[in-house]
Amino acid sequence: MTLEHSIMAVLAIIGGLAVLVLCAGLLIALLVYVTSREDVNCVFDRDPAARTTFEVMTCYPGLHARVVHRVSHALWKSGFKWPARFLSHLARSVTGIEIHPGATIGRRFFIDHGMGVVIGETAEVGDDVTLYHGVTLGGTSWKEGKRHPTLGNGVVVGAGAKVLGPILVGDNAKIGSNAVVVKDVPVGATAVGVPARILDEARKAAGFNPYGIGNDQNDPFAKAIHGLLGHSMVVDQRLELILAHLEKLGINVDDDRATADKFDPRHLNKIVD
């Protein structure tokens, strides 16, 4: 390779880098123009890993997907269906997040991590909603019309959760990770499990709960098991009285006592907790 060819190759590389920098600058300018300040601020409110505004605007796919959806949704509402769908398709390729342009998204919407999130056409999402990776707001019918869920304000949906069908998730409700929700969730309640069940609505933890789970889950299944174990302790006490009377009558009950001693409800209570 001659010196002239080497110089040309270096200039080509420099030119390519300049074009990349220019494109990145234009992309950042577009993000600054389209993104509202509250979209960025809500990231800082809900993700302690966020450090700077520049980092949030360039490294958070959830924010990028939200910005693109704002444009594609406007196209969809204006009747430009194919451009809206194609723009949504491009956003999914880049971010790993699929938001149908027909979906309605509220303010301060935050998708953390983001990969694998799917939001269907007729889904409605309120303000201050948080979704984690792998969440699906999907439909359960092939019929036209309302087929996807409606999420109220302040809802948190944990990683991998599936919220399916035209159901209503009330304000400030929480969906636990990997839950499958197919029925309405009351305001302020927490739903966990497959299929999802509603935890005790009397325990409503205030504030933001990452992944939709608080420290005190107040699981009704655990409460039921504790109740059964408590009842078994009462039965054991009654059996002990019966064995004591049998011993007074001269009947050998050593084998029965040995069998009863193997059951430890206190240990089982700790396991359930």
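Everything here concerns the structure above.
In this text, all values refer to a predicted model and were calculated from it rather than measured experimentally.

Conventions adopted
Residues numbered from 1 in each chain as written. Predicted model: local features only at pLDDT ≥ 70, side-chain atom pairs only at ≥ 80, totals over all residues. Heavy atoms only, no water. Pairing = 2+ DSSP bridges. Helix = DSSP H or I, 4+ residues; strand = E, 2+ residues; numbered from the N terminus. Expected span 1.5 Å × (residues − 1). Buried < 20%, exposed > 50% of the residue type's maximum accessible area, 1.4 Å probe, protein only. Arc of directions from axis to C-beta. Contact = heavy atoms within 4.5 Å. Salt bridge = Lys/Arg side-chain N within 4 Å of Asp/Glu carboxyl O.

Moving on: the sheet that holds strand E1 (residues 98-99). Backbone-to-backbone hydrogen bonds join strands into a sheet, with any given pair of strands oriented parallel or antiparallel. Pairing is parallel in the open sheet, where five strands are placed in the order E1-E4-E7-E10-E13. Unpaired on one side and paired on the other, E1 and strand E13 (180-181) mark the two borders of the sheet. Summarising the sheet, strand E7 (residues 136-138) and strand E10 (residues 162-164) pair through three bridges and their orientation is parallel. The residue of E10 that forms the bridge with Leu137 is Val163.

Looking now at unusual backbone geometry. Here the bond from Val194 into Pro195 is cis, since omega is -10°, no more than 30 degrees from zero. Along the chain, the position of Pro195 falls in the loop between strand E14 (190-192) and strand E15 (197-198). Non-glycine residue Asp128 carries a positive phi angle of around 60°.

This next bit is on helix H5 (residues 81-95). Residue pairs three or four apart in sequence face the same way in an α-helix, which turns once every 3.6 residues. The terminal C-alpha atoms of H5, which comprises 15 residues, lie 21 Å apart, in line with the 21 Å expected from a rise of 1.5 Å per residue. If you check which residues of H5 are buried, you get Ala84, Ser88, Ala91 and Thr95. For H5, the arc enclosing every buried residue in end-on projection is 60°, short of the 170-degree limit, so these residues lie on one face. With respect to the buried face of H5, the exposed residues turned more than 90 degrees away are Trp82 and Ser93. The inward-facing, buried residues of H5 abut helix H4 (61-77) and E1. Positioned one or two residues after H5, Gly96 has a phi angle of 80°, which is positive.

Attention now goes to helix H2 (residues 37-46). Those residues of H2 that fall on the buried side of the exposure criterion are Asp39, Val40, Cys42, Val43 and Arg46. Down the axis, H2 shows its buried residues gathered within 160° of arc, on one side only. Exposed positions of H2 whose direction lies more than 90 degrees from the buried face are Arg37 and Asp45. For H2, the secondary structure elements touched by its buried residues are helix H3 (53-59), H4, strand E3 (110-112) and strand E6 (130-132).

This brings us to the pattern of salt bridges. Scanning the model with the defined rule gives nine salt bridges in all. In this structure, Arg107 engages Glu38 in a salt bridge whose closest nitrogen and oxygen atoms are separated by 2.8 Å. One end of the pair, Arg107, is in the loop between strand E2 (104-105) and E3; the other, Glu38, is in helix H2, and 69 residues separate them in sequence. Overall, the relative accessible area of 22% leaves Glu38 in the partly exposed class. For Arg147, the salt bridge identified is with Glu121, shortest N-O distance 2.9 Å. Residue Arg147 is found in the loop between E7 and strand E8 (150-151), and its partner Glu121 is found in the loop between strand E4 (118-119) and strand E5 (124-125); the two are separated by 26 residues along the sequence.

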